[in-house]
2 protein chains.
Amino acid sequence: MSRTFGSEAVARFTVHLASGGSYPVAVGRGASLEAPDHAVSLKISRCVVVTDSNVETLHAEAVRDRIAERGLETHIIAFPAGETNKTRAVKEAVEDRMVALGCGRDTAVVALGGGVTGDLAGFVAATYMRGIPCIQMPTSLLAMADASIGGKVGVDHPSGKNLIGAFHPPAAVLTDPSFLHTLPLPEFRIGLAEIVKSAVVGDAGLFEELEARAAALAEGDVAAVEAPLSRAIAVKVVVVSEDEKESDLRKVLNFGHTVGHALERISGYAISHGAAVSIGMVAEAAMSADLGILDEPSVRRLATLLSALGLPVALPRDADPVRVLAGAATDKKARGGRLEFALPRSIGEMARTDRGFGVPVPDDVAISCLDRMREAP
Amino acid sequence: MSRTFGSEAVARFTVHLASGGSYPVAVGRGASLEAPDHAVSLKISRCVVVTDSNVETLHAEAVRDRIAERGLETHIIAFPAGETNKTRAVKEAVEDRMVALGCGRDTAVVALGGGVTGDLAGFVAATYMRGIPCIQMPTSLLAMADASIGGKVGVDHPSGKNLIGAFHPPAAVLTDPSFLHTLPLPEFRIGLAEIVKSAVVGDAGLFEELEARAAALAEGDVAAVEAPLSRAIAVKVVVVSEDEKESDLRKVLNFGHTVGHALERISGYAISHGAAVSIGMVAEAAMSADLGILDEPSVRRLATLLSALGLPVALPRDADPVRVLAGAATDKKARGGRLEFALPRSIGEMARTDRGFGVPVPDDVAISCLDRMREAP
């Protein structure tokens with residue numbers, strides 16, 4: 001399949017690692033065309049394009065052919081699409097295929113797809129011969145805005161998401177909104193939730209831009225999302241650069257996710273990540289207001305934007321607040337039984353205490369906030 | 001089982017990481033008694049002692065009980081002994097057990113055993129919740145002298161050893177020669193080969209000490225090995241501190257291993273690692289002499305010491321030199337088809353070229369050296 005890419009300027013960011021290294025993030029239409037240049041610069045002789053069965057049909061051959069044109073032996077390794085395949089068994093199957101192809105340390109992985117592919121393929125790269133380079137090429141808005149940056153890779157375990165994984169910074173992240181034209185609208189909206197999160201965490205101007213474009217964004221308008229996406233990535237790049245190992249600042253990226261992950265889990269993942277994070281952001285903003293950290297109008301403003309983007313802001317009727325909170329407490333972010341949240345102090349700035357960006361919230365406050373948010377019967 | 005430990009002084013080393021971190025290596029009788037202190041200092045609430053079925057019987061309960069006495073919930077997870085169990089499947093089984101025990105990021109792994117245990121348990125720690133601390137407690141001489149230091153962890157693949165793995169620096173390495181009293185003599189000798197390697201790589205005085213103690217060492221005398229072991233560890237600590245990621249200096253540790261790994265592989269691992277490395281060191285020293293880098297008497301001196309230690313120095317009759325060399329070329333250390341070796345320029349110092357510590361050896365030189373070393377028919 002051939003594709004036509006625009007010629008707009010590509011925005012460029014650099015993630016700085018605690019180890020002293022760095023990697024580039026290119027964002028804009030045409031960024032994916034840079035994959036062959038990056039592959040060649042790695043001084044490797046082969047590439048494997050790891051992708052899922054959906055993206056394989058849409059984009060994988062074009063990516064493979066472009067890299068192969070530069071003289072690198074390039075293969076596609078596809079696995080069945082879906083989060084249920086983000087497993088150790090599928091990781092092994094990809095590894096076995098790479099071994100069968102004779103891949104050595106002269107090989108790079110190109111992770112072409114959404115968050116599942118980025119996490120799985122990145123984890124394969126992290127442990128293949130103790131680590132080979134990985135070029136992240138996200139194709140979903142969620143992966144573009146969030147998952148592809150930061151080096152967190154891994155697979156799920158029957159008992160929990162991302163239980164087995166690693167930190168493996170990519171060699172490069174190539175974020176090309178052209179891929180979004182084939183993304184289904186529900187998945188587009190999931191990505192919008194993460195862009196809103198970045199706005200609340202660190203860019204009040206982005207929040208205003210999202211408000212101004214909400215109608216177009218809610219319809220999945222790719223042109224309308226390009227500038228906000230780039231700004232959201234800028235926020236994430238700053239956060240992960242300052243705190244590669246998530247010891248503290250990176251906690252701000254958990255905004256909406258402590259409640260969100262619990263909601264996903266207790267629903268058996270029937271509720272999407274984007275919907276869960278949307279509800280979670282409103283809940284956690286309400287906690288911040290109840291604690292006197294955030295003003296009430298900001299909570300309403302956040303809920304209004306999320307609704308306008310087509311995202312849910314009410315707790316499902318069958319989600320018991322006590323169970324949600326218990327679910328959050330079993331999340332790996334809870335250490336020593338003390339439940340901490342990343343809470344905004346205003347739109348665009350997160351609260352910081354003497355102990356850092358994790359703010360303890362009493363159980364009764366959290367439950368009260370969740371309870372007030374329940375759907376009308 | 002209760003054990004009595006001596007009160008000798010424990011030698012202390014520090015491995016410095018490229019990332020700026022570091023970890024301690026304690027060597028001496030009684031070093032294993034420090035495990036509870038290290039565990040407590042990690043601010044965790046649980047430990048899992050990962051061990052194999054042999055070491056479980058000998059030492060695991062004592063280690064567990066000592067840690068548990070300090071208030072940490074501590075469990076033993078044992079897997080069947082043997083290199084054939086250093087697999088992804090066994091790694092998964094250990095992970096599943098940890099999940100079932102409710103282990104979170106508040107958990108540390110204690111790797112109690114030989115090289116297989118250190119590699120497997122270290123790899124479990126490397127990827128459990130994206131990495132938890134691992135205390136290495138080697139019980140074999142090979143693991144003490146070599147494998148436990150440096151952060152290389154992983155499992156085997158049917159197509160090659162250590163194909164899947166990571167760099168995961170331990171939180172601490174506690175090397176207690178008291179464990180060697182239960183080590184079978186053939187395994188003791190395997191470890192001696194690595195101590196000889198360290199001497200050739202970086203400590204001429206250690207080489208002399210090994211010559212002086214050869215008779216006692218060949219018999220598995222634990223008291224005789226303590227001082228040489230500590231000196232060998234000192235060499236390794238310096239090498240891995242200067243070059244955590246094996247970009248160059250760490251290549252010197254491959255001395256004897258390029259030929260050695262090939263021999264192991266083409267024998268289907270019927271030949272032990274220590275025997276293969278012993279033969280490999282003589283072969284590679286001979287290459288160095290043929291290239292005019294090392295003097296001939298040093299080659300003979302090396303072979304004499306290895307023989308005195310009960311290690312083989314002749315190429316098995318059925319090992320075809322051409323096949324050995326081809327086997328070495330498929331090793332992951334070969335990049336771009338160019339076969340390089342780590343070669344000594346004298347006992348205690350490795351050769352360095354403009355391009356670093358990998359010295360290219362023409363095929364005909366390598367084959368000639370291997371051919372001259374074949375066992376008499």
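The structure presented is a predicted model; accordingly, all values stated were derived computationally and were not measured.

Caption draft 1: Up close: the overall build of chain A. Looking only at helices and strands, chain A has 13 helices and 13 strands in total. Against the compact-globule benchmark of 21 Å for 377 residues, chain A has a radius of gyration of 20 Å, which places it among compact chains. With the principal axes as the frame, chain A shows a C-alpha extent of 60 × 40 × 40 Å. Within chain A, the proportion of its 377 residues that are buried is 60%. A fraction of 74% describes how many contacts in chain A between residues 6 or more apart in sequence connect residues 24 or more apart. Carbon together with sulfur atoms contributes 51% to the accessible area of chain A, which is approximately 13800 Å² in total.

Caption draft 2: View of the interface of chain B and chain A. Counting residues at the interface gives 30 residues for chain B and 30 residues for chain A. Across the interface of chain B and chain A, roughly 2700 Å² is buried in total on both sides, 52% from carbon and sulfur atoms. For the pair chain B and chain A, the interface holds six salt bridges. The partner of Glu-95 of chain A in a salt bridge is Arg-88 of chain B, and the shortest N-O contact between them spans 2.6 Å. Taken together, chain B and chain A are joined by 11 residue pairs in polar contact (both at pLDDT 80 or more).

Caption draft 3: Local environment of unusual backbone geometry. Residue and element names in this part refer to chain A. Here the phi dihedral of Met-129 falls at roughly 50°; this positive angle occurs in a residue that is not glycine. Structurally, Met-129 is set in the loop between helix H4 (115-127) and strand S6 (134-138). Although it is not a glycine, Tyr-269 adopts a positive phi angle of roughly 65°. Turning to its location among the elements, Tyr-269 is positioned in the loop between helix H9 (257-266) and helix H10 (273-290). Classification of Tyr-269 by relative accessible area gives partly exposed; the value is 35%.

Caption draft 4: Molecular detail of the packing of aromatic side chains. In this structure the tally under the stated criterion is zero aromatic pairs over all chains. Between Lys-91 of chain A and the ring centre of Phe-123 of chain A, over which it is positioned, the NZ or CZ distance is 4.5 Å.

Caption draft 5: Examining the relation of the copies chain B and chain A more closely. Superposing chain B onto chain A requires a rotation of 180° together with a translation of 0.0 Å along the rotation axis, leaving an RMSD of 0.0 Å. Here the transformation between the copies is reduced to the relation of a two-fold axis. The position closest to the rotation axis in chain B is occupied by the C-alpha of Ser-19 of chain B, lying 2.2 Å away. Of the interface residues in chain B, 97% have counterparts in chain A that sit at the interface too, so the contact is made through matching surfaces.

Caption draft 6: Summary view of the environment of Ile-367 of chain B. Within the secondary structure layout, Ile-367 of chain B lies in helix H14 (residues 363-372). Through-space distance from the C-alpha of Ile-367 of chain B to that of Pro-321 of chain B is 5.6 Å; in sequence the pair is 46 residues apart.

Caption draft 7: Spatial organisation of the environment of Glu-95 of chain B. Looking at where Glu-95 of chain B falls in the secondary structure, it is placed in helix H3 (residues 88-100). Judged by its relative accessible area of 0%, Glu-95 of chain B falls in the buried class. As for Glu-95 of chain B and Val-124 of chain B, which are separated by 29 residues in sequence, their C-alpha atoms are 6.8 Å apart. Not counting chain neighbours up to four residues away, the residues in contact with Glu-95 of chain B comprise Arg-88 and Ile-164 of chain A together with Val-124, Thr-127 and Tyr-128 of chain B. A polar side-chain atom of Glu-95 of chain B sits 2.6 Å from a polar atom in the side chain of Arg-88 of chain A.

Caption draft 8: Structural detail: the packing of H9 of chain A against H10 of chain A. All names here are of chain A. The interhelical angle for the contact between H9 and H10, taken along N-to-C directions, is 135°, at an axis separation of 7 Å. By the angle class used here, H9 and H10 are oblique. Considering only the axes of H9 and H10, their crossing is right-handed. The residues of H10 that touch H9, namely those facing His-257, Thr-258, Val-259, Gly-260, His-261, Leu-263 and Glu-264, are His-273, Ala-276, Val-277, Ile-279, Gly-280, Ala-283, Glu-284 and Met-287. Taken together, the residues of the contact of H9 with H10 sort by class into seven nonpolar, six polar and two charged.

Reading the values: rules and limits
- Residues numbered from 1 in each chain as written.
- Chains lettered and ligands numbered in written order.
- Predicted model: local features only at pLDDT ≥ 70, side-chain atom pairs only at ≥ 80, totals over all residues.
- Heavy atoms only, no water.
- Helix = DSSP H or I, 4+ residues; strand = E, 2+ residues; numbered from the N terminus.
- Rg over C-alpha atoms; globule rule 2.2 N^0.38 Å.
- Buried < 20%, exposed > 50% of the residue type's maximum accessible area, 1.4 Å probe, protein only.
- Contact = heavy atoms within 4.5 Å.
- Areas by Shrake-Rupley, 256 points an atom, 1.4 Å probe, with all protein chains shown as cover.
- Buried area = accessible area lost by both parts, 1.4 Å probe.
- Salt bridge = Lys/Arg side-chain N within 4 Å of Asp/Glu carboxyl O.
- Polar contact = N/O pair within 3.5 Å; in protein donor to acceptor, adjacent residues only side chain to side chain.
- Phe/Tyr/Trp six-rings, centres within 6.5 Å; stacked < 30°, edge-to-face > 60°.
- Lys NZ or Arg CZ within 6 Å of the ring centre and 35° of its normal.
- Least-squares fit on C-alpha atoms with pLDDT ≥ 70 in both.
- Axes fitted to C-alpha atoms, helices over the stretch in contact; angles between N-to-C directions.
- Parallel < 35°, antiparallel > 145°, perpendicular 65-115°, else oblique.
- Left-handed = near helix turned anticlockwise from the far one by under 90°.
- Nonpolar A, V, L, I, M, F, W, Y, C, P; charged D, E, K, R; others polar.

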